Amino acid sequence: MRALEPWVGPPLQEFLAESSARVTLLMTSAGQVVAQHGFTRSLDVMSAAALGAGIMASTDELARLMGSGRFGAMVHQGARQGMYLSAFDTPRGRWIGLVVFGPETSVGLVQLFFQQFVDELAAAAPPEAPQGPVLAENFERELNASLRALFGR
């Protein structure tokens, strides 16, 4: 498991243990990866984040066109694994969780433990520090530091 923010780790670790999720990805609504678990080289983290964020943005727009509120989550079930995709609000903005699970668990358990995870994540979030302006001279350094933290390089 890898997380950009240390306060995300403990709630995510508990969710993984309880839900038996195979792969989990947390991202912002813009597709920026916050934490990930279970990805291998055959499953590209950045592509999954971009696709997950795109799916949720499309779903939100469909809900708006239908005059409905936002949809809470989506589930896709295949023969050998399922996927749970859910957007949720955090003290740090709107985030998206993508969870891949197998026959060793059920979508009901994933949903139950995911909601508990969201609640624990909100409680663990530190107060947001005021952000300074994004400066071009700091952008590359900060981007590289974030990528090193996420991918362990």
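Here, residues in each chain are numbered from 1, in the same order as that chain's written sequence. The predicted origin of the model limits local features to residues at a pLDDT of at least 70 and limits the giving and counting of side-chain atom pairs to 80 or more, whereas totals for whole chains, interfaces and linings rest on all residues. The basis for every side-chain value is the complete set of non-hydrogen atoms in the structure, without hydrogens or water.

Whenever a carboxyl oxygen of Asp or Glu lies within 4 Å of a side-chain nitrogen of Lys or Arg, that contact is scored as a salt bridge. Enumeration over the complete set of coordinates arrives at 4 salt bridges. Across the salt bridge formed by arginine 22 and glutamate 104, the nearest N and O atoms sit 3.1 Å from each other. Of this pair, arginine 22 sits in the loop between helix 1 (9–19) and strand 2 (23–28) while glutamate 104 sits in the loop between strand 6 (93–101) and helix 3 (107–124); the two residues are 82 residues apart in sequence, bridging distant segments of the chain. The class of arginine 22 is partly exposed, set by a relative accessible area of 36%. By relative accessible area, glutamate 104 is classed as partly exposed at 45%. Of the charged contacts, one joins arginine 64 and glutamate 61 as a salt bridge, the two residues approaching to 2.5 Å between their closest N and O atoms. With arginine 64 and glutamate 61 both in helix 2 (residues 45–65) and 3 residues apart, this pair spans about one turn of that helix. Segments assigned H or I by DSSP are reported as helices when at least four residues long, segments assigned E as strands when at least two residues long, and all are numbered from the N terminus. Only protein chains enter the area calculation, which uses a 1.4 Å probe; residues under 20% of their type maximum are buried, those over 50% are exposed, and those in between are partly exposed.

Our next topic: the pairing of strand 2. Of all 6 residues that make up strand 2, 6 are buried, and the element is covered over most of its length. Strands qualify as paired when DSSP identifies two bridges or more between them. Taken together, the 4 bridges between strand 2 and strand 3 (residues 33–37) define a ladder with antiparallel strand orientation. Within strand 3, the position partnered with leucine 25 by the bridge is glutamine 36. Where strand 2 folds back on strand 3, the antiparallel hairpin that results is connected by 4 residues, among which glycine 31 adopts a positive phi of roughly 95°.

Another point: the nonpolar core. The biggest cluster of nonpolar side chains holds 21 residues, and the ones touching the most others in it are Val8, Phe15, Phe114 and Phe117. Elements represented by at least two residues in this core include exactly helix 1, strand 3, strand 5 (82–90), strand 6 and helix 3. No other element matches the 6 residues that helix 3 contributes to this core. Whether two residues touch is decided by their heavy atoms; if any such pair falls within 4.5 Å, the residues are in contact. Once you skip the residues sitting within four places of it in the chain, phenylalanine 114 turns out to touch Phe15, Tyr84, Ser86, Phe88, Gly97 and Val99. Counting 16 residues, the second-largest nonpolar core is a separate cluster that includes Val33, Met56, Ala87 and Ile96. Only buried residues count toward a nonpolar core. Its members are Ala, Val, Leu, Ile, Met, Phe, Trp, Tyr and Cys residues joined through side-chain atoms within 4.5 Å.

Turning our attention to the side chain of threonine 59. Mapped onto the fold, threonine 59 is located in helix 2. Apart from the residues within four sequence positions on either side, threonine 59 is in contact with Phe71 and Met74.

In this section: the environment of tyrosine 84. Tracing the chain through its elements places tyrosine 84 in strand 5. Residue tyrosine 84 is classed as buried on the basis of its relative accessible area of 6%. C-alpha separation for the pair tyrosine 84 and valine 107, spaced 23 residues apart in sequence, amounts to 7.5 Å. Other than its neighbours up to four places away in sequence, tyrosine 84 contacts Ala73, Met74, Val75, Gly97, Leu98, Val99, Phe101, Val110, Gln111 and Phe114.

Quick look at the sheet that holds strand 2 now. Strands sit in the order 1-3-2-6-5-4 across an open sheet of 6 strands; the sheet is antiparallel. Each having just a single partner strand, strand 1 (2–3) and strand 4 (73–77) make up the two edges of the open sheet. In terms of strand pairing, strand 5 meets strand 6 through 9 bridges, oriented antiparallel. Along strand 6, the bridge assignment pairs threonine 90 with glycine 93. The strands that helix 2 touches are strand 2, strand 3, strand 4, strand 5 and strand 6; relative to strand 2, the one it contacts most, it runs at about 65°. Note on geometry: axes are lines fitted to C-alpha atoms, helical ones only across the stretch in contact, with angles between N-to-C directions running from 0 to 180 degrees. Where helix 3 meets the sheet, it contacts strand 2, strand 4, strand 5 and strand 6, and its direction lies at approximately 25° from that of strand 5.

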